[in-house]
Amino acid sequence: MTDTPRLGARVMALIDDLARHTDEPGRLTRLYLSPAHRATAEAVLGLMREAGLTARIDAAGSVVGRIEGREPGLPALVLGSHIDSVVDAGRYDGPLGVVAGLVVAQEVRGLPLPFALEVVAFGDEENVRFPTSLSTSKAWAGQYKTEWLEGRDAAGTTLREALTQFGGDPDGIPALTRRREDIAGYLEIHIEQGPALEAAAQPVGVVSGIVGLTRARCTVTGEANHAGTVPMGMRRDALAAAAEMALAVERLGEAVPGAVATVGSLAVVPGAVNVIPGRVDFSLDLRAPEDADRAGLFAAIQAECRAIAQKRAVGFTSETYMDNPAVALDPGFQAAFDRVARRLGHAPLRLPSGATHDAVAMAALGPSAMLFVRCRGGISHNPAESITPEDADAATRVLLGTVLDLAGI
Ligand code: HGY
Ligand code: MN
Ligand code: MN
Ligand code: MN
């Protein structure tokens with residue numbers, strides 16, 4: 001292995017370089033299949049090829065690089081994460097796992113590994129632009145539904161059109177399904193997006209499991225009318241009803257230990273200063289460590305919203321478009337992360353992930369584990385997201401050591 005500069009410095013430099021690609025000047029927004037996603041995918045493709053990996057951008061827009069093990073065609077240990085972002089994002093959520101994987105692949109290239117090594121930059125993990133997906137890793141896991149291709153973004157562009165414009169191949173997605181026998185496992189480095197590691201003064205932690213997730217689109221239908229002429233008692237104000245529902249979501253979420261419930265987006269129609277809102281569309285995102293708790297919370301919220309709608313004589317509909325069960329990660333891979341981190345002088349926490357990740361789909365293909373990296377103030381999905389070069393170095397060395405540990409080297 002070359003005695004390269006500190007791995008963390010290289011990881012941070014590469015992440016800073018990728019952070020230049022944004023769809024919105026002045027802030028980092030890189031939605032799936034956008035021009036910035038294309039530019040980032042091409043930059044990652046170039047980095048993979050420079051590092052000696054055979055690399056391509058696949059039909060769904062994932063960037064995949066591979067080095068063979070001690071003989072060609074062995075099952076692959078996959079390292080990676082995603083390169084799409086939320087709106088006004090931080091630069092580490094996603095790219096950290098891709099770049100750390102790339103640096104590790106460069107370090108081990110040429111060693112007689114008992115597995116191939118693949119590095120992947122998935123897309124659409126943030127699921128901000130189109131109504132479904134939550135990562136192109138679902139195409140690998142055979143979980144991609146072709147009806148998703150007809151989903152439209154806010155501008156009315158279908159996923160099918162956007163994929164074609166990106167240079168992907170909507171009809172080539174089913175062929176991306178990976179065979180379980182071709183996957184030796186998956187390791188993902190990701191920022192913690194929470195405060196636990198900072199509070200414990202630890203650079204890394206081993207993820208114990210990933211919460212289940214329910215997402216739904218809700219619509220409240222009242223009656224648009226003149227804001228100046230309709231007496232308060234005679235209105236069917238969709239926004240006032242939706243506001244009461246959003247507060248109910250918060251109250252009911254607080255009542256379930258470990259659960260979270262969020263109305264993240266809300267649109268008012270027609271949205272004019274002098275018109276009583278006729279319709280409100282809002283999103284629902286529910287998560288809980290236990291699937292039964294999440295189902296119970298969803299049912300309670302639905303019942304409460306229907307009761308509010310009835311009291312206010314407005315309509316209420318809810319369409320669930322995502323219902324991901326909680327995911328257990330592989331004890332053997334978790335132990336390897338833990339063993340290597342301790343060997344490197346750390347005392348890694350075990351902590352659950354309240355965020356979902358590409359590891360959810362990859363866990364369906366083979367043993368998967370995640371290593372969290374401390375981030376300042378636990379802040380994420382925010383440009384203030386940050387990690388230190390020392391922690392990037394620690395995490396990358398744990399990933400490198402774990403690949404060698406799993407290889408028996
Ligand atoms: O929503 C999430 O948990 C992830 O950031 N996509
Ligand atoms: Mn992420
Ligand atoms: Mn995220
Ligand atoms: Mn008027």
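Conventions we followed
- Residues numbered from 1 in each chain as written.
- Chains lettered and ligands numbered in written order.
- Predicted model: local features only at pLDDT ≥ 70, side-chain atom pairs only at ≥ 80, totals over all residues.
- Heavy atoms only, no water.
- UniProt positions renumbered as here; feature names shortened; annotations may be inferred.
- Helix = DSSP H or I, 4+ residues; strand = E, 2+ residues; numbered from the N terminus.
- Donors = N, O, S within 2.8 Å, 3.2 Å for Na, K, Ca; no water.
- Buried < 20%, exposed > 50% of the residue type's maximum accessible area, 1.4 Å probe, protein only.
- Near = heavy atom within 4 Å.
- Polar contact = N/O pair within 3.5 Å; in protein donor to acceptor, adjacent residues only side chain to side chain.
- Areas by Shrake-Rupley, 256 points an atom, 1.4 Å probe, with all protein chains shown as cover.
- Expected span 1.5 Å × (residues − 1).
- Arc of directions from axis to C-beta.
- Contact = heavy atoms within 4.5 Å.
- 1 Å grid on protein atoms, 1.4 Å probe; cavity = no way out; pocket = protein on both sides within 12 Å on 5 of 7 lines; lining within 4 Å.
- Points joined across faces, edges and corners; volume = space filled by probe spheres on them.
- Nonpolar A, V, L, I, M, F, W, Y, C, P; charged D, E, K, R; others polar.
- Pairing = 2+ DSSP bridges.
- Disulfide = S-S within 2.5 Å.
- Domains from an automatic or database assignment.
- Buried area = accessible area lost by both parts, 1.4 Å probe.

Student: Just checking my understanding: could you explain the UniProt feature "domain: Peptidase M20 dimerisation" (unreviewed entry) in the chain for this structure?
Tutor: Mapped onto this numbering, the UniProt entry annotates "domain: Peptidase M20 dimerisation" (unreviewed entry) at residues 211-310. Within residues 211-310, the helical portion is 37% and the strand portion 31%, while the C-alpha atoms at the span's ends are 33 Å from each other.

Student: Explain the coordination of the manganese ion (ligand 3) here, please?
Tutor: For a metal with four tetrahedral donors the ideal donor-metal-donor angle is 109.5 degrees, whereas six octahedral donors ideally subtend 90 or 180 degrees. For the manganese ion (ligand 3), the protein coordination sphere consists of D93 (OD), E126 (OE) and H381 (NE2), at 2.1 to 2.2 Å. Look at where the donors of the manganese ion (ligand 3) fall in the sequence and you get D-x32-E-x254-H. Here the manganese ion (ligand 2) and the manganese ion (ligand 3) are spaced 3.5 Å from one another, each receiving a donor from D93. Highlighted residues: D93 in the loop between β3 (76-82) and α3 (95-108) and E126 in the loop between β4 (116-122) and α4 (137-140), separated in sequence by 33 residues. Assessed through its relative accessible area of 6%, D93 is described here as buried.

Student: Any chance you could explain the site of ligand 1 here in plain terms?
Tutor: E125, E126, R215, R287, A355, T356 and H381 make up every residue found near ligand 1. In the environment of ligand 1, an oxygen atom lies 2.6 Å from a nitrogen or oxygen atom belonging to the side chain of R287. Residue H381 places a side-chain N or O atom 3.2 Å away from an oxygen atom belonging to ligand 1. Contact with the protein chains covers 94% of the free accessible surface of ligand 1, which is 220 Å².

Student: How should helix α8 (residues 291-312) be read in this particular structure?
Tutor: Structurally, the α-helix is built with 3.6 residues per turn, so residues lying three or four positions apart point the same way. When the terminal C-alpha atoms of α8 are compared, their 32 Å separation across 22 residues agrees well with the 32 Å that a helix rising 1.5 Å per residue should span. Along α8, the residues classified as buried are R294, L297, F298, I301, Q302, C305, I308 and A309. Angular distribution of buried residues about the axis of α8 spans 135 degrees; they occupy a single face of the element. Exposed side chains of α8 directed beyond 90 degrees from the buried face belong to A292, Q310 and K311. Of the surrounding secondary structure, the elements contacted by the buried residues of α8 are β7 (212-221), α7 (238-254), β9 (260-262), β12 (279-288) and β13 (315-324). The first or second residue beyond α8 is A313, which carries a positive phi of 55 degrees.

Student: Which parts of the structure should I look at to understand empty space enclosed by the protein?
Tutor: Empty space among the atoms becomes visible once a probe the size of a water molecule is rolled across them. Summed over the entire model, instances satisfying the criterion amount to two cavities of 30 Å³ or more. Reported here for the largest cavity is a volume of approximately 60 Å³. Around the largest cavity, the lining comprises 13 residues; the ones closest to its centre are D84, S85, A89, G90 and D93. For the lining of the largest cavity, the class distribution of residues is four nonpolar, three polar and six charged. There is about 30 Å³ of room inside the second largest cavity. Around the second largest cavity sit L134, S135, S137, K138, N324, T356, H357, D358, V360 and A361, which together line it. Of all the secondary structure elements, the ones that give two or more residues to the lining of the second largest cavity are α4 and α10 (359-362). Residues belonging to the lining of the second largest cavity are distributed by class as follows: three nonpolar, five polar and two charged.

Student: I'm lost on the pairing of β3 in this one. Help?
Tutor: Residues in a regular strand point their side chains to alternate faces of the sheet. Taking burial as the measure, the seven residues of β3 include seven buried ones, the bulk of the element. On β3, burial covers both faces: A76, V78, G80 and H82 on one face and L77, L79 and S81 on the other are all buried. Both β3 and β4 contribute to a ladder of seven bridges, which runs parallel. The partner of L77 across the bridge, within β4, is L117.

Student: Got a minute to help me understand the state of the cysteines in this structure?
Tutor: Each disulfide is one covalent bond, formed between the sulfur atoms of two cysteines. Going through the model one piece at a time under the given rule, you end up with zero disulfides. In this structure C218 is a free cysteine whose sulfur lies 6.2 Å from that of C305, the closest cysteine sulfur available.

Student: I'm lost on the side chain of N127 in this one. Help?
Tutor: Tracing the chain through its elements places N127 in the loop between β4 and α4. A relative accessible area of 7% means that N127 is categorised as buried. If sequence neighbours within four positions are ignored, N127 has contacts with D84, T132, S133, L134, R215, Y321 and M322.

Student: Looking at this structure, how should I read the domain arrangement of the chain?
Tutor: By a widely used convention, the size of an interface equals the accessible area lost when the partners come together. Looking at the assigned domains, one finds that the chain contains domain 1 (6-209 + 326-407) and domain 2 (212-324). Look at where the C-alpha atoms of domain 1 and domain 2 centre, and you get two points 33 Å apart. Between domain 1 and domain 2, the contact holds eleven residues from the first and eleven residues from the second. Summed over both partners, the interface of domain 1 with domain 2 buries about 710 Å², with 48% contributed by carbon and sulfur atoms. Contact with domain 2 buries area across many residues of domain 1, yet P131, L134 and A326 alone supply 52% of it, more than any other trio.

Student: Mind showing me how you'd approach unusual backbone geometry here?
Tutor: Glycine aside, residues mostly have negative phi angles, and peptide bonds mostly take the trans form. Cis rather than trans, the peptide bond between V269 and P270 has omega equal to 5 degrees. The residue P270 is located in the loop between β10 (266-269) and β11 (275-276) in this model. One non-glycine residue with positive phi stands out, namely L134, at about 80 degrees. Position of L134 among the secondary structure elements: in the loop between β4 and α4. You can call L134 buried: its relative accessible area is 4%.

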